[in-house]
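Overview (structure and organization)
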Amino acid sequence: VFLLATVWAPLCEESIFRGALYRHMRGRAGIVVCAVGSALIFGLCHQYGPVLVFPVVLLGVNFALLRESRGSLIAPVTAHALHNGTVAIMAYSVIRLIS
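Read on for an overview of the structure. (Residues numbered from 1 in each chain as written. Predicted model: local features only at pLDDT ≥ 70, side-chain atom pairs only at ≥ 80, totals over all residues. Heavy atoms only, no water.)

1. A look at helix 2 (residues 31-46)
- Here helix 2 spans 23 Å end to end across 16 residues, near enough to the 22 Å set by a 1.5 Å rise per residue.
- Residues C34, A35, G37, S38, A39, F42 and G43 constitute the buried set of helix 2.
- Count one or two residues on from helix 2 and you reach Q47, which has phi positive near 55°. (Helix = DSSP H or I, 4+ residues; strand = E, 2+ residues; numbered from the N terminus. Expected span 1.5 Å × (residues − 1). Buried < 20%, exposed > 50% of the residue type's maximum accessible area, 1.4 Å probe, protein only.)

Okay, here's the thing in C-alpha coordinates:
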(Lines give C-alpha, C1' and ligand atoms only; values in the text may rest on other atoms or scores of the structure.)
Protein backbone atom coordinates (compact mmCIF):
# COMPACT_ATOMS: atom_id res chain seq x y z
CA VAL A 1 0.00 0.00 0.00
CA PHE A 2 2.86 2.37 0.84
CA LEU A 3 4.44 1.86 -2.59
CA LEU A 4 1.10 2.42 -4.30
CA ALA A 5 0.65 5.70 -2.45
CA THR A 6 4.20 6.97 -2.87
CA VAL A 7 5.18 5.69 -6.31
CA TRP A 8 2.26 4.54 -8.42
CA ALA A 9 -0.31 7.21 -7.50
CA PRO A 10 2.05 10.19 -7.99
CA LEU A 11 3.31 8.88 -11.33
CA CYS A 12 -0.15 8.11 -12.69
CA GLU A 13 -1.96 11.13 -11.30
CA GLU A 14 0.72 13.64 -12.27
CA SER A 15 0.94 12.16 -15.76
CA ILE A 16 -2.80 12.61 -16.18
CA PHE A 17 -3.49 15.88 -14.38
CA ARG A 18 -0.28 17.87 -14.93
CA GLY A 19 1.20 15.98 -17.87
CA ALA A 20 -1.86 15.74 -20.13
CA LEU A 21 -4.66 17.92 -18.74
CA TYR A 22 -2.64 20.93 -17.56
CA ARG A 23 -0.47 20.87 -20.66
CA HIS A 24 -3.53 20.73 -22.91
CA MET A 25 -5.23 23.57 -21.03
CA ARG A 26 -2.03 25.63 -20.93
CA GLY A 27 -1.98 25.80 -24.72
CA ARG A 28 -5.33 27.60 -24.56
CA ALA A 29 -5.31 29.71 -21.37
CA GLY A 30 -3.12 31.36 -18.76
CA ILE A 31 -1.30 29.85 -15.82
CA VAL A 32 -3.84 30.72 -13.11
CA VAL A 33 -6.87 29.45 -15.03
CA CYS A 34 -5.09 26.22 -15.96
CA ALA A 35 -3.64 25.62 -12.49
CA VAL A 36 -6.99 26.15 -10.77
CA GLY A 37 -8.96 24.27 -13.43
CA SER A 38 -6.75 21.19 -13.44
CA ALA A 39 -6.58 21.31 -9.62
CA LEU A 40 -10.38 21.40 -9.32
CA ILE A 41 -10.69 18.32 -11.50
CA PHE A 42 -7.87 16.66 -9.52
CA GLY A 43 -9.61 17.43 -6.23
CA LEU A 44 -13.04 16.31 -7.37
CA CYS A 45 -11.67 13.03 -8.76
CA HIS A 46 -10.41 12.13 -5.28
CA GLN A 47 -13.99 12.14 -3.94
CA TYR A 48 -13.07 13.12 -0.38
CA GLY A 49 -16.23 15.13 0.12
CA PRO A 50 -16.84 18.85 0.51
CA VAL A 51 -14.71 19.32 3.63
CA LEU A 52 -11.52 17.73 2.34
CA VAL A 53 -11.73 18.72 -1.32
CA PHE A 54 -10.32 22.22 -0.69
CA PRO A 55 -6.93 21.03 0.67
CA VAL A 56 -6.60 18.59 -2.24
CA VAL A 57 -7.39 21.37 -4.72
CA LEU A 58 -4.71 23.53 -3.09
CA LEU A 59 -2.24 20.68 -3.48
CA GLY A 60 -3.23 20.42 -7.12
CA VAL A 61 -2.60 24.14 -7.66
CA ASN A 62 0.84 23.80 -6.07
CA PHE A 63 1.66 20.77 -8.22
CA ALA A 64 0.58 22.70 -11.34
CA LEU A 65 2.74 25.66 -10.37
CA LEU A 66 5.69 23.31 -9.88
CA ARG A 67 5.00 21.86 -13.33
CA GLU A 68 4.92 25.34 -14.83
CA SER A 69 8.02 26.65 -13.08
CA ARG A 70 10.17 23.57 -13.73
CA GLY A 71 8.86 22.69 -17.18
CA SER A 72 8.68 18.98 -16.36
CA LEU A 73 6.80 16.48 -14.22
CA ILE A 74 9.74 15.60 -11.98
CA ALA A 75 9.02 18.29 -9.35
CA PRO A 76 5.26 17.65 -9.03
CA VAL A 77 5.74 13.87 -8.97
CA THR A 78 8.37 14.25 -6.23
CA ALA A 79 6.21 16.65 -4.20
CA HIS A 80 3.19 14.37 -4.61
CA ALA A 81 5.21 11.33 -3.51
CA LEU A 82 6.57 13.16 -0.46
CA HIS A 83 3.09 14.36 0.50
CA ASN A 84 1.53 10.91 0.15
CA GLY A 85 4.42 9.31 2.02
CA THR A 86 4.09 11.77 4.89
CA VAL A 87 0.34 11.20 5.15
CA ALA A 88 0.78 7.41 4.96
CA ILE A 89 3.43 7.38 7.70
CA MET A 90 1.33 9.63 9.92
CA ALA A 91 -1.80 7.47 9.41
CA TYR A 92 0.18 4.31 10.12
CA SER A 93 1.67 5.87 13.27
CA VAL A 94 -1.73 6.94 14.59
CA ILE A 95 -3.21 3.50 13.91
CA ARG A 96 -0.30 1.83 15.72
CA LEU A 97 -0.62 4.28 18.59
CA ILE A 98 -4.33 3.69 19.20
CA SER A 99 -4.30 -0.06 18.71
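2. Observations concerning the environment of F54
- Along the chain, the position of F54 falls in helix 3 (residues 50-70).
- Using a relative accessible area of 54% as the deciding quantity, one classes F54 as exposed.
- Placed 25 residues apart in sequence, F54 and A29 show a C-alpha to C-alpha distance of 23 Å.

3. A closer look at the pattern of salt bridges
- Inspection of every chain in the model, using the stated rule, returns two salt bridges.
- For the salt bridge of E14 with R18, the shortest nitrogen-to-oxygen distance reads 2.8 Å. Within this pair, E14 and its partner R18 are both found in helix 1 (residues 2-26), separated by four residues, close to a single helical turn. For the pair E14 and R18, a shared accessibility class is recorded, and that class is buried. (Salt bridge = Lys/Arg side-chain N within 4 Å of Asp/Glu carboxyl O.)

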